[in-house]
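# Geometric and topological summary
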Amino acid sequence: MGDGEGHRGVALLLGAVALLAAVVGARSTSLANDATDLWQSSVRTEVKRSAGALEDVRYVYQVELPVAVVVMGGRLKADELGTAAAGASGDVAATLAMETEIEKGVVTAIEGSAPLVTDPAYALPGGGVDLGQRLADERAENPDLATLDPDALAAEGDHLAGKGSSMTIALLPLGFAALFGAMAQPFWRRRRLLLGLATGAMGTGLAIALMVEALG
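No experiment lies behind these values; they were computed from the predicted model shown.

Analysis parameters
- Residues numbered from 1 in each chain as written.
- Predicted model: local features only at pLDDT ≥ 70, side-chain atom pairs only at ≥ 80, totals over all residues.
- Heavy atoms only, no water.
- Helix = DSSP H or I, 4+ residues; strand = E, 2+ residues; numbered from the N terminus.
- Rg over C-alpha atoms; globule rule 2.2 N^0.38 Å.
- Buried < 20%, exposed > 50% of the residue type's maximum accessible area, 1.4 Å probe, protein only.
- Patch = residues over 30% accessible without salt bridge, like charges linked within 9 Å, V, L, I, M, F, W, Y side chains within 5 Å.
- Areas by Shrake-Rupley, 256 points an atom, 1.4 Å probe, with all protein chains shown as cover.
- Salt bridge = Lys/Arg side-chain N within 4 Å of Asp/Glu carboxyl O.
- Contact = heavy atoms within 4.5 Å.
- Core = buried A, V, L, I, M, F, W, Y, C linked by side-chain atoms within 4.5 Å.
- Arc of directions from axis to C-beta.
- Polar contact = N/O pair within 3.5 Å; in protein donor to acceptor, adjacent residues only side chain to side chain.

### Description of the overall build of the chain
A tally of regular secondary structure across the chain gives eight helices and zero strands. Secondary structure elements of the chain occur, N-terminal to C-terminal, as α-α-α-α-α-α-α-α. Here the C-alpha atoms of the chain give a radius of gyration of 38 Å, more than 25% beyond the 17 Å that 2.2 N^0.38 yields for 216 residues. Along the first, second and third principal axes, the C-alpha set of the chain runs to 130 × 25 × 15 Å. For the chain, the residues scored as buried account for 27% of the 216 residues in total.

### Notes on a nonpolar patch on the surface
Together, Met98, Ile102 and Val106 make up a nonpolar patch on the protein surface, roughly 280 Å² of accessible area in all. Within the element layout of this structure, valine 106 appears in helix 2 (residues 90-110).

### Quick look at the side chain of lysine 163
Its location among the elements puts lysine 163 in helix 6 (residues 150-167). When its relative accessible area of 11% is taken as the criterion, lysine 163 is described as buried. Discounting chain neighbours no more than four positions away, the residues touching lysine 163 are Arg27, Leu31, Val212, Glu213 and Gly216.

### Describing the environment of alanine 152
Within the fold, alanine 152 resides in helix 6. Residue class for alanine 152 comes out partly exposed when judged on its relative accessible area of 39%. C-alpha of alanine 152 to C-alpha of glutamine 133: the two residues are 19 residues apart in sequence and 27 Å apart in space.

### What to know about the nonpolar core
Of all hydrophobic cores here, the largest spans 21 residues; its most connected members are Val24, Met167 and Met202. Listed by contribution, the elements that provide at least two residues to this core are helix 1 (3-86), helix 6, helix 7 (171-184) and helix 8 (191-215). Among the elements that make up this core, the one with the highest residue count is helix 1 (eight residues). Beyond its immediate stretch of four places on either side in the chain, methionine 167 contacts Val24, Arg27, Ser28, Leu31, Ala209, Val212 and Glu213. By size, the runner-up hydrophobic cluster in this structure holds twelve residues, among which are Val60, Leu65, Ala114 and Leu116.

### With respect to the environment of glycine 132
Inspection of the secondary structure assignment puts glycine 132 in helix 4 (residues 131-140). A relative accessible area of 48% means that glycine 132 is categorised as partly exposed. Counting along the chain gives 72 residues from glycine 132 to valine 60, while the straight-line C-alpha distance between them is 9.7 Å.

### Some remarks on helix 4
Where helix 4 is concerned, the buried positions are Leu131, Arg134, Leu135 and Glu138. Taken down its axis, helix 4 places every buried residue within 100 degrees of arc, on the same side. The opening residue of helix 4, the one whose side-chain oxygen lies 3.3 Å from the backbone nitrogen of glycine 132, is aspartate 130.

Shown next, in the form of structure tokens:
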């Protein structure tokens, strides 16, 4: 190999190694950035999902349940007053009957806003209401929030981060390729050997990068 030809070969090899290392580094950085974006999206999605779940719980337990308790209490009181009125006579019976109607009127006025006690789907066989079913139905009214999956986003971020880390392994043989190529310049007696080693190392780095990209 002539000296000029040898210099050109070294220059071409070092240029190819530098280009390949730049591509591998850029791909690894891109994967790391995508992983970071997915992790951040996972956190935002978890916050959004938690906020939706908290709002549904708040609505059922702090808005609907208190009204349901008042309605159930009013019904019970009306039944007790009716029973007492049936066992009384005269003015006492009349007073109790009037109080019974008043209590029933109050219940009728507010039970329209208490689906827990007006919808038979939430009535338990032994009495009371099925809060779990009511909460599930409330959550189902916002399926977009109920089906959010931050864990899947985090898992995908972990996958891309691992792929990016694996991609950097290719930089090790590329580093050796650059080293052998640089050594071929001053050690001209071993230039063919060093260039062969450099080429092999570069091929190994390229193979690793392609394998990670294909299988990762």
